[in-house]
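# Structural description and commentary
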Amino acid sequence: GIKIVTIGGGSSYTPELIEGFIKRYDELPVREIWLVDINKGKDKLNIVGNLAKRMVEKAGLPIDIHLTLNRREALKDADFVTTQFRVGLLDARAKDERIPLKYDVIGQETNGPGGLFKGLRTIPVILDICKDMEELCPDAWLVNFTNPAGMVTEAVLRYSPIKKVVGLCNVPIGMKMGIAKALDVDDSRVQVDFAGLNHMVFGLDVYLDGKSVKDQVITALGNPENEMTMKNIAGFAWDRDFIKGISLIPCGYHRYYFKTDEMLAEEKESSVTKGTRAEVVQQLEKDLFELYKDPELNVKPPQLEKRGGAYYSEAACSLINSIYNDKRDIQPVNTRNNGAIASIPDESAIEISCVITKEGPKPIAIGDLPVAVRGLVQQIKSFERMAAEAAVTGDYRTALVAMTINPLVPSDTIAKKILDDMLEAHKEDLPQF
Ligand code: NAD
Ligand code: G6P
Ligand code: MN
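Residues numbered from 1 in each chain as written. Chains lettered and ligands numbered in written order. Predicted model: local features only at pLDDT ≥ 70, side-chain atom pairs only at ≥ 80, totals over all residues. Heavy atoms only, no water.

So, about the site of ligand 2. Residues in close proximity to ligand 2 total 16 residues, the closest being N147, N170, R277, R307 and G308. Within the side chain of H199, a nitrogen or oxygen atom sits 3.1 Å from an oxygen atom of ligand 2. Measuring from an oxygen atom of ligand 2, one finds a side-chain N or O atom of R307 at 2.8 Å. When isolated, ligand 2 has an accessible area of 390 Å², and the protein chains bury 94% of it. (Near = heavy atom within 4 Å. Polar contact = N/O pair within 3.5 Å; in protein donor to acceptor, adjacent residues only side chain to side chain. Areas by Shrake-Rupley, 256 points an atom, 1.4 Å probe, with all protein chains shown as cover.)

Now the structure itself:
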């Protein structure tokens, strides 16, 4: 049987994952799931772990759920290691989102200054996990969901010996589902050619029953009635002429770059009226864990859909299933470029439609991205690389360069103010600085 280890097992998303393994049990015989957390997350781990146990019991499947704070014990002989941890928990995210707003800059926990700091906190931990994996389960696949997933995957590819790493995001599946809904068809009939970076991914073409319907989808995207976004991103409609001009399907996160002023105004306003997204999620999380405590509950509750990570288990479990069974189907994941996008270095992580084999994802080469977005994608990749380097070296100037070249940050002087403020606020979780 298969041994799965999930780091950050106390996450409220864990029931998603368990549901995904239960659904696929016939094809994917998981025997053990080890949920790993740290002392700070012990209560969450117990509550969600006990729900996980009730879920497999209800399904009548011989899957053993282990709860542990001992990562090394868990990793021994693992087949797949999935990561969904948050260093500093949601309090740290609230700082990531709030501090930059003081300087009229969007914080954003993956794309903006917030993403830089989430990366600085996370990358040392993921590299430690990689070291443990090298020793305890050298043949295992690392399936990373921890954000900023693109930057984290980049760091693993550059700074660890682990080659079997895949970064995951639910945005591409969310786009496909949104498109199917806008076209009013079942999503199984829709295929999208994805390429770009994590939270910077484009649909290059889209097919209904194999026939391109890109123009129809682009028209639908300019219609404010089709809220094609994620739960965590304000769903402003695209300018019709812009979207027709660019002739690509953007992801929800592109609003931070192409609608920066509207997004900043919205975030400033809502940070006062209802709190930043982290603060909203803190309440959602409390409510979810209250539900999870109910000893009668033995399925994933629908309230989890209020989180931005909908379809997470689809992405994670389909990927693991296709690797395990050498399915050779097409899935969008973060993987080593290997020349699939000409203007990105071979060794960098990209998010792209891949054929998923036993040997891992094989990216489907696109030639190059359209010139209108090529520069922005390269800029974000440079940001991710500088950020990963700063996370590994703890070098102040490298961090300042990363902050300054982020497209959401207007100048070196503002970058420095935000950087200094955030380094101070997060110092407990940044031992390398
Ligand atoms: P969360 O705040 O519930 O954190 C999950 C768990 O991680 C907590 O129980 C915490 O105690 C634990 N943790 C913290 N540091 C740890 C460490 N060093 N080792 C082991 N466990 C540790 O987080 P969440 O809101 O459930 O999100 C989890 C992660 O998944 C975040 O990084 C988030 O950004 C990411 N996420 C990614 C996507 C995606 O598309 N890739 C979607 C949703 C969430
Ligand atoms: C989307 C993104 C994730 C992100 C999440 C935030 O799903 O793909 O990368 O972590 O939204 O959701 P939340 O509910 O935590 O705001
Ligand atoms: Mn994501």
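There's plenty left to go through after this.
Moving on, we come to empty space enclosed by the protein. As enumerated under the stated definition, the model contains 1 cavity of 30 Å³ or more in all. The volume enclosed by the largest cavity comes to roughly 100 Å³. Elements with a minimum of two residues in the lining of the largest cavity: α6 (149–159) and α14 (371–393). Among the residues making up the lining of the largest cavity, the classes are represented as 6 nonpolar, 5 polar and 1 charged. (1 Å grid on protein atoms, 1.4 Å probe; cavity = no way out; pocket = protein on both sides within 12 Å on 5 of 7 lines; lining within 4 Å. Points joined across faces, edges and corners; volume = space filled by probe spheres on them. Helix = DSSP H or I, 4+ residues; strand = E, 2+ residues; numbered from the N terminus. Nonpolar A, V, L, I, M, F, W, Y, C, P; charged D, E, K, R; others polar.)

In the contact formed by helix α5 (residues 113–136) and helix α15 (residues 396–405), the axes pass within 9 Å of each other and the chain directions differ by 150°. Where α5 crosses over α15, the two elements pack in a sense that is right-handed. Here P113, L116 and F117 of α5 come into contact with α15, specifically with A399, A402 and M403. Class assignment of the residues belonging to the contact of α5 with α15 gives a composition of 6 nonpolar, no polar and no charged. (Axes fitted to C-alpha atoms, helices over the stretch in contact; angles between N-to-C directions. Left-handed = near helix turned anticlockwise from the far one by under 90°. Contact = heavy atoms within 4.5 Å.)

Attention now goes to the site of ligand 1. Contacts to ligand 1 come from 25 residues, most closely from S11, D37, K44, R86 and K118. At 2.6 Å from an oxygen atom of ligand 1 is found a side-chain nitrogen or oxygen belonging to K118. Between a nitrogen atom of ligand 1 and a main-chain N or O atom of F145, the distance comes to 2.9 Å. When ligand 1 is considered free in solution it has 860 Å² of accessible area, and contact with the protein chains removes 95% of it. The class makeup of the residues in the shell around ligand 1 is 10 nonpolar, 9 polar and 6 charged.

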